[in-house]
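# A look at the structure
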Amino acid sequence: MKLDSAPLEISGISQTKIELELKDSTDLNLAPAIVQPVVADSPQKQQSALVVFGTTFVTIFLAEIGDKTQLSTLLMSAESHSPWVVFIGSAAALITTSLLGVLLGSWIASRLSPKTVEKSAGVMLLMISLMLFWDVFTSH
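A few words on the layout of surface pockets. Space inside the largest pocket adds up to approximately 550 Å³. Around the largest pocket, the lining comprises 20 residues; the ones closest to its centre are I60, F61, E64, A91 and L94. Among the secondary structure elements, those contributing two or more residues to the lining of the largest pocket are helix 3 (43-64), helix 4 (68-80) and helix 5 (83-111). Class assignment for the residues of the lining of the largest pocket results in 11 nonpolar, 7 polar and 2 charged. By volume, the second largest pocket amounts to about 350 Å³. The wall of the second largest pocket is formed by G101, L104, G105, I108, L112, V117, S120, A121, M124, L125 and I128. Mapped by element, the contributors of at least two residues to the lining of the second largest pocket are helix 5 and helix 6 (114-139). With 6 residues, helix 6 is the largest single contributor of residues to the lining of the second largest pocket. Among the residues making up the lining of the second largest pocket, the classes are represented as 8 nonpolar, 3 polar and no charged.

Attention now goes to the packing of aromatic side chains. Under the defined criterion, the tally for this structure stands at 4 aromatic pairs. Look at F57 and F61: their rings are 5.7 Å apart centre to centre, the planes differ by 15°, and that puts the pair in the stacked class. Placement of the pair is F57 and F61 together in helix 3, with a separation of 4 residues, close to one helical turn. The exposure class assigned to F57 is partly exposed, which follows from its relative accessible area of 49%. Overall, F61 belongs to the partly exposed group, its relative accessible area being 46%. Here a set of aromatic residues connected by ring pairs shows up, and it is made of F53, F57 and F61.

Another point: the confidence of the model for the protein. Interpreting fine coordinate detail is not advised for predicted regions of low pLDDT. Mean pLDDT over the protein works out to 77, with 66% of the residues at or above the 70 mark. Element-level mean pLDDT values for the protein span from 46 in strand 1 (residues 2-5) up to 93 in helix 5. With pLDDT under 50 throughout, residues 24-33 is counted as low confidence; its partners more than four residues away or in other chains account for 2 contacts. Long-range and interchain partners of residues 35-39, a stretch whose pLDDT sits below 50, account for 12 contacts in this model, where long-range means more than four residues apart.

Rules behind the numbers
- Residues numbered from 1 in each chain as written.
- Predicted model: local features only at pLDDT ≥ 70, side-chain atom pairs only at ≥ 80, totals over all residues.
- Heavy atoms only, no water.
- 1 Å grid on protein atoms, 1.4 Å probe; cavity = no way out; pocket = protein on both sides within 12 Å on 5 of 7 lines; lining within 4 Å.
- Points joined across faces, edges and corners; volume = space filled by probe spheres on them.
- Helix = DSSP H or I, 4+ residues; strand = E, 2+ residues; numbered from the N terminus.
- Nonpolar A, V, L, I, M, F, W, Y, C, P; charged D, E, K, R; others polar.
- Phe/Tyr/Trp six-rings, centres within 6.5 Å; stacked < 30°, edge-to-face > 60°.
- Buried < 20%, exposed > 50% of the residue type's maximum accessible area, 1.4 Å probe, protein only.
- pLDDT = per-residue confidence, 0-100.
- Contact = heavy atoms within 4.5 Å.

Here it is as C-alpha cells:
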C-alpha cells in the first residue's frame with residue numbers, strides 16, 4: 001500500500017472552489033490547505049505484485065526441477081515410505097532457506113545500490129561457473 005495525497009476530485013473539493021475561497025478570504029496569512037493522506041491500493045501495484053510473485057514462482061520452480069534437492073527428496077520419500085512427512089520436512093527446509101535469502105537480500109539492498117548488487121551477483125555466478133569448469137577439466 002502506498003500513502004498518497006488525495007487528489008482534489010476524490011476529496012470532493014474542486015480546484016476552482018479552493019481558489020474562490022482563498023480570494024474571498026480577508027486574512028492574507030492563510031496557511032496552505034492541508035490535504036490528508038489517503039491509503040490507496042492501486043490495481044497497477046497489485047498487478048506488479050502478481051507479476052513479481054509469478055516470475056519468482058516460475059523461476060524457482062524451473063530451477064528446482066531435477067536438482068539435487070528434488071532428487072534427495074525423492075530418495076528419502078522412497079526409503080522412508082512416509083511421503084507426507086518427507087514433503088513437510090522438505091517444504092519447511094525450502095521455506096526456511098528462502099526466508100534466509102529474502103532477509104539477506106533485503107539487508108544487502110538496504111546497504112548497497114542495485115547496480116552494485118547486480119554486478120556482484122554476476123561476478124559471483126561467473127566465478128562459480130569458472131570453478132565448475134575448472135573442476136570438470138581437472139577431474140578427467
